[in-house]
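Overview (structure and organization)
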Amino acid sequence: MTPILRTRDLEWRAGETTIVRHVTFDIGAGEFIALMGRNGAGKSTVMDVMAGLREPYAGVVLLDGRPLDEWPAPARARRLGHLPQLVRTQSPLTAGQIVSMGRYPHTDRWAESNTDRVVVERAMRDCGCLPLRDRRLSTLSGGERQRVLLAACVAQEPALLLLDEPSTFLDVDQQLQTFAMLRRLAEAGGACMAVSHDLNLALTYCTRVIVLANRTVARDMPVEIALDSDDWLELFSPRLRRLAGPDGRSWIAYQ
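Rules used throughout
Residues numbered from 1 in each chain as written. Predicted model: local features only at pLDDT ≥ 70, side-chain atom pairs only at ≥ 80, totals over all residues. Heavy atoms only, no water. Helix = DSSP H or I, 4+ residues; strand = E, 2+ residues; numbered from the N terminus. Expected span 1.5 Å × (residues − 1). Buried < 20%, exposed > 50% of the residue type's maximum accessible area, 1.4 Å probe, protein only. Contact = heavy atoms within 4.5 Å. Polar contact = N/O pair within 3.5 Å; in protein donor to acceptor, adjacent residues only side chain to side chain. Axes fitted to C-alpha atoms, helices over the stretch in contact; angles between N-to-C directions. Parallel < 35°, antiparallel > 145°, perpendicular 65-115°, else oblique. Nonpolar A, V, L, I, M, F, W, Y, C, P; charged D, E, K, R; others polar.

**Digging into helix 6 (residues 172-187)**
Residues spaced three or four apart along an α-helix point in a common direction, a consequence of the helix completing one turn every 3.6 residues. Its 16 residues place the ends of helix 6 23 Å apart at the C-alpha level, agreeing with the 22 Å of an ideal helix rising 1.5 Å per residue. Listed as buried for helix 6 are Gln 174, Gln 175, Thr 178, Phe 179, Ala 180, Met 181, Leu 182 and Ala 186. Of the surrounding secondary structure, the elements contacted by the buried residues of helix 6 are strand 3 (32-36), helix 4 (114-126), helix 5 (142-155), strand 7 (160-164), strand 8 (191-195) and helix 7 (199-205). Structurally, the start of helix 6 carries an N-cap: the backbone nitrogen of Asp 173 is 3.2 Å from a side-chain oxygen of Asp 171. The first or second residue beyond helix 6 is Gly 189, which carries a positive phi of 115°.

**A closer look at the packing of helix 5 against helix 6**
Angle between the axes and distance between the axes: these two values describe a pair of packed helices. Packing of helix 5 against helix 6 leaves a shortest axis separation of 13 Å and a crossing angle of 5°. Judged by the angle between their axes, helix 5 and helix 6 are roughly parallel. Across from Arg 147, Leu 150 and Val 154 in helix 5, the residues of helix 6 making contact are Gln 174, Thr 178, Met 181 and Leu 185. The class makeup of the residues in the contact of helix 5 with helix 6 is four nonpolar, two polar and one charged.

Spelled out as structure tokens, the structure:
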């Protein structure tokens, strides 16, 4: 089966400074991948290139086997959804209207269909923001806005979600609910890649971990391998160690 998305030898530069190089991996249906690394490792850069927001200096992104820049915008939006790290949120629109915008790639008219309304309501319920649907986005807290923006991406119903730190501003319970929801979407046949700094959250809900370090992919491993090894933790901090919990499952402790 052809992967939904492939990156091949991606390189991106800021002026004369190389941010990432030789970045190669595939994303297939059913995967929930954590893209991890220290600040400045290039996580957001890679995600922006995958989403088509930045043009790579070298390499290629293939969506369903076809170069990303050859896709018409509406068709690409039906296959690929992206939540960037920073979103301008000073909007007079309500939360429900923002989420409804996620349906634009699926229609050639402005009027909502019954299907659109059902999908929007389900996305808002899954993201825990349905009670906010009539509130203006500008009146919401940071965590509430984040859940609304995530719901807009989910309502888009793409084959692949690219989410840059989707748990930003969320309380602990909402982080757990969000990652559990994303895991369910992957298990239902979708795919998701999420940037995260929370090792234990990623190891609990994701199926695979990709770590960027030294400007490239330093580790790419199933979660099962990550839970049974220690050497990759050095890529984040020397103050991390792996312990066994009461149920025998590994977790990451801080020293």
